Structures are given as structure tokens and as C-alpha cells.
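Here is what each chain is made of, one letter per residue.
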Amino acid sequence: TRNGGAGMEKALSNQEDLGGDRGMTDDIFDESYCEKEGPKPARRYVWRNIILMSLLHLGALYGLWLIPAAKPVTLVWGSLCFLLSALGITAGAHRIWSHRSYKASLPLRIFLAIANSMAFQNDIYEWARDHRVHHKFSETDADPHNATRGFFFSHVGWLLVRKHPDVIEKGRKLDLSDLKADKVVMFQRRFYKLSVVVMCFLFPTLVPWCFWGESLRNSFFLPAILRYVLVLNATWLVNSAAHMFGNRPYDRNINPRENRLVTFGALGEGFHNYHHTFPYDYSTSEFGWHYNFTTAFIDLMCLLGLASDRKKVSKETILARKTRTGDGSHNG
Ligand code: ST9
Ligand code: ZN
């Protein structure tokens, strides 16, 4: 097994402590899964996605070109939109809804669902479902962005082709009852398209245009298009770069790695060897606020009484795991 003998036993007992407490364990790696033998199904391109994704990235390049012509306050607004939409993914879809690593009150969940629509990365239900199969069947046919299929596939290629049948087969067996029971998640799913039009495109564009007379062209291509593409790529780098480049201080037997550059762009989500070793830790890292804006945000929400029940792995458990299965780099 990946963890090896007694190590595995210990790891499982940790998972039971915290995983059980979350009411779910379907984000824990499943050692028993075996890929089917025989030829792999043919790759089926989805041309609509290929064309739209290419146009979107061309639009973002045009946005880069427009930066010098924009008002500084428009760039500040674009950065704020980046932060907001990124939090909708990191603090929302990822740390609450995929992993249940902390609890959020209704107002905070509503805020994060709105921010999540601004990020336009599929609705929360679909994102969390795909993310749970990603953890449970990491680097296999049942992983939607299986990094063993290469950098491009795990980065964006997986969104441009039909899914491997095992992703859907295994995904259908996941327990998603917590997501189905969350009214905020179901409401966002129901009105997803409308919420994306408003939050990802209209709102970021209209604010600079109405409030400080920015040109419609700059308002659209910077805070809407360029910002959207930057958040997408920062997220995708977690699946591509952070599964290929970096140290493995916690578990040298898995692909995900500690990648500082990704961590910086992804508001604290690049401590990926740690995260796949301890997916239930609300901080996705052992180092608190260090390079981790999302953790600072969640801590602030707790201080304000809007969040609670942060799951954290103890220092002793981390050290024991590092010693047992780490690569010896120990520097995170
Ligand atoms: C995007 C998502 O960008 C990015 C997610 C990244 C995740 C990152 C994780 C990293 C860690 C966290 C770090 C965060 C850092 C953030 C930093 C921020 C600065 N289980 O899907 P279909 C069913 S999205 C169970 O059409 P195809 C499905 O329900 C970008 N069932 O599959 C349906 O059933 P039914 C914008 C599943 O045809 C049927 O299967 N969006 C599962 O193969 C068919 O589903 C896009 O680009 C599952 N896992 O098409 C479009 N999956 O018929 C994206 C599917 O009964 N998607 N099912 O309803 C698509 O166009 C398509 O999904 C496709 C596959 C073409 C990719
Ligand atoms: Zn995760």
C-alpha cells in the first residue's frame, strides 16, 4: 500500500477521528480501487469547449494588452474580484463543501456561494463531487483530472474531452447527501447559469463602468475576462504543477507536492502533499497563515462568529507521519 503497514493503520485511525466527525469520508484515498484492464476508451473531444476556452484565453491576452490603458482603480477592482472569486473556490467549494473541514453559518455560505458563481468553475455540487472522486481515486482513471495523463490533461485538457467512464461510475457511488441537504448548494445549482452571467460577467464589468467611468471595453476585458482566466489557471495549477513539481514531506508515495508558487497564486492551496495526506485539515497546511490567505479568512470568520468547528491535525500526528512516509525534506 502507499502508506505501508503500521503507518496505514495509524493514518486510518486519524481519519476516523476527524473524518467521522465531519460526517463524511468520501475524500479519503481508496486503496482498494483497481483500474480496469485492457485498452483505454478513445479520447472524445468536445469541440464546443475547445473553441470557447480558446476564445476566452484570447480575450484574456487582449485584457493583458489593455492593462496600461486602464484606470488604476479598475486594476484594484479586478484584484478584488480575483480575491472574492478565489475565496468562493478555496474557502467555499473546496474547504467547506468538498471536505467539510469547517462549518459555516448561513450568511457565510450564501456569501461564498455568490463568490463561487463569480469564479464560474461549475456549480458547487458538481465541483465538490468531482473533487471528492479526485481525492478518493487520485491519479487513476476515476480521477477527473488524473495527473498521470500529463500536465496539459490535468491542467485544462480534462475539461475539453468526455470524462473517463470510471469517473462517472465511481462518482455515482459517492455519498453526496450532505450537499443535497444544503439549501444554499441546491439553490446555487438551480440558478447557476443566471448567477454566473450576473456574478462572473455583469457585476465585475458594470461596477467600473458605472462608478468611475471606465470604458466598457476595459471594464469587460480586465475585471471580468482576464480576472476569470487568472483564477481558472491558478486553480488548474493545483491539479497540474502541484501534482508534478515540489517536495513531498508528508507522503513520498503520492504525486501531490508542496509548491510555493502555486500556493501563492491559489491563496494557500499549493501545500498539496499535505492536503492529500490530511484532506480534512481546514488549513490545507501545517503553517497557519503563512502564504495562506484562505486560512486567515476562515479564522477571521470564526472570530466574527460566522464559522466554527475547524478541523486541524495535531503537530504530533504530522510529525509522526512525516517521519514515517515523508521524503525527508521537512521544510514544507
Ligand atoms: C473548472 C473546474 O475550471 C475546475 C476545478 C478544479 C479543481 C481543482 C482542485 C484543486 C484543489 C483545490 C484548490 C483550489 C485552488 C483555487 C485557487 C483560486 C485562485 N460523479 O460532465 P458531463 C455525470 S470548470 C458522478 O457532461 P461528459 C453527470 O452528472 C470551468 N457523476 O460528462 C451526467 O449525468 P446525467 C468552466 C458524474 O459528457 C453525466 O455524468 N466549465 C460525474 O464526459 C455526464 O456529465 C467548463 O469548462 C462524477 N464525478 O463531459 C465545462 N461527472 O446525464 C466543464 C459527471 O445523469 N464541463 N457525471 O446528468 C464540461 O463541459 C463537461 O463536464 C465535460 C465532460 C466536457 C468536461
Ligand atoms: Zn481537496
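Each remark here, short or long, concerns the structure printed above.
These numbers come from a predicted model, not from an experiment.

### A word on the overall build of the protein chain
- Within the protein chain, the secondary structure is distributed over 15 helices and two strands.
- Taking 2.2 N^0.38 as the reference for a compact globule, 332 residues should give roughly 20 Å; the C-alpha atoms of the protein chain span a radius of gyration of 20 Å, in line with that estimate.
- Principal-axis analysis of the C-alpha atoms gives the protein chain an extent of 65 × 50 × 40 Å.
- Looking at the protein chain as a whole, 54% of its 332 residues qualify as buried.

### A word on the packing of helix H5 (residues 124-136) against helix H9 (residues 183-190)
- Packing of H5 against H9 brings their axes to within 8 Å, and their N-to-C directions diverge by 110 degrees. As summarised for this structure, H5 and H9 are arranged roughly perpendicular, according to the angle between their axes. Residues Ile 124, Tyr 125 and Glu 126 of H5 touch H9, and the partners they reach there are Val 185, Met 186, Gln 188 and Arg 189.
- Of the residues contributing to the contact of H5 with H9, the split by class is four nonpolar, one polar and two charged.

### Side note on a nonpolar patch on the surface
- Taken together, Tyr 45, Trp 47, Ile 51, Leu 52, Leu 55, Leu 58, Leu 61, Leu 64, Ile 67 and Leu 75 make up a surface patch of nonpolar side chains, about 1,000 Å² in accessible area.
- In terms of residue count, helix H2 (residues 47-66) provides more of the nonpolar patch than any other element does, seven residues in total.

### Points about the layout of surface pockets
- Taken as a whole, the largest pocket encloses approximately 1,300 Å³ of empty space.
- Lining the largest pocket we find 47 residues, and of these Met 53, Phe 120, Gln 121, Asn 122 and Leu 159 sit closest to its centre.
- Mapped onto the lining of the largest pocket, the elements with two or more residues apiece are H2, helix H3 (72-98), H5, helix H10 (192-211) and helix H11 (216-239).
- The biggest single contributor to the lining of the largest pocket is H11, with nine residues.
- Its residues assigned to classes, the lining of the largest pocket comprises 27 nonpolar, 12 polar and eight charged.
- Each pocket or cavity is described by its volume, and for the second largest pocket that value is around 290 Å³.
- Top contributing element to the lining of the second largest pocket by residue count: helix H7 (residues 165-172), with three residues.

### What about the coordination of the zinc ion (ligand 2)?
- The protein atoms that coordinate the zinc ion (ligand 2) are His 94 (NE2), His 99 (NE2), His 131 (NE2), His 135 (NE2) and His 275 (NE2), at distances spanning 2.0 to 2.2 Å.
- Sequence positions of the donors to the zinc ion (ligand 2) reduce to the motif H-x4-H-x31-H-x3-H-x139-H. In this pair, His 131 sits in helix H5 while His 275 sits in helix H13 (residues 272-277), placing the two residues 144 residues apart along the sequence.
- Assessed through its relative accessible area of 8%, His 131 is described here as buried.

### Quick look at the site of ligand 1
- Taken together, 36 residues are adjacent to ligand 1, and Asn 49, Asp 130, Arg 162, Lys 163 and Trp 236 come closest.
- Residue Arg 129 places a side-chain N or O atom 3.1 Å away from an oxygen atom belonging to ligand 1.
- Trp 236 is positioned with one of its side-chain polar atoms (N or O) 3.0 Å from an oxygen atom of ligand 1.
- The cavity that encloses ligand 1 is the largest pocket.

Basis of the calculations
- Residues numbered from 1 in each chain as written.
- Chains lettered and ligands numbered in written order.
- Predicted model: local features only at pLDDT ≥ 70, side-chain atom pairs only at ≥ 80, totals over all residues.
- Heavy atoms only, no water.
- Helix = DSSP H or I, 4+ residues; strand = E, 2+ residues; numbered from the N terminus.
- Rg over C-alpha atoms; globule rule 2.2 N^0.38 Å.
- Buried < 20%, exposed > 50% of the residue type's maximum accessible area, 1.4 Å probe, protein only.
- Axes fitted to C-alpha atoms, helices over the stretch in contact; angles between N-to-C directions.
- Parallel < 35°, antiparallel > 145°, perpendicular 65-115°, else oblique.
- Contact = heavy atoms within 4.5 Å.
- Nonpolar A, V, L, I, M, F, W, Y, C, P; charged D, E, K, R; others polar.
- Patch = residues over 30% accessible without salt bridge, like charges linked within 9 Å, V, L, I, M, F, W, Y side chains within 5 Å.
- Areas by Shrake-Rupley, 256 points an atom, 1.4 Å probe, with all protein chains shown as cover.
- Salt bridge = Lys/Arg side-chain N within 4 Å of Asp/Glu carboxyl O.
- 1 Å grid on protein atoms, 1.4 Å probe; cavity = no way out; pocket = protein on both sides within 12 Å on 5 of 7 lines; lining within 4 Å.
- Points joined across faces, edges and corners; volume = space filled by probe spheres on them.
- Donors = N, O, S within 2.8 Å, 3.2 Å for Na, K, Ca; no water.
- Near = heavy atom within 4 Å.
- Polar contact = N/O pair within 3.5 Å; in protein donor to acceptor, adjacent residues only side chain to side chain.
- Sits in = over half its atoms within 2 Å of the grid points.

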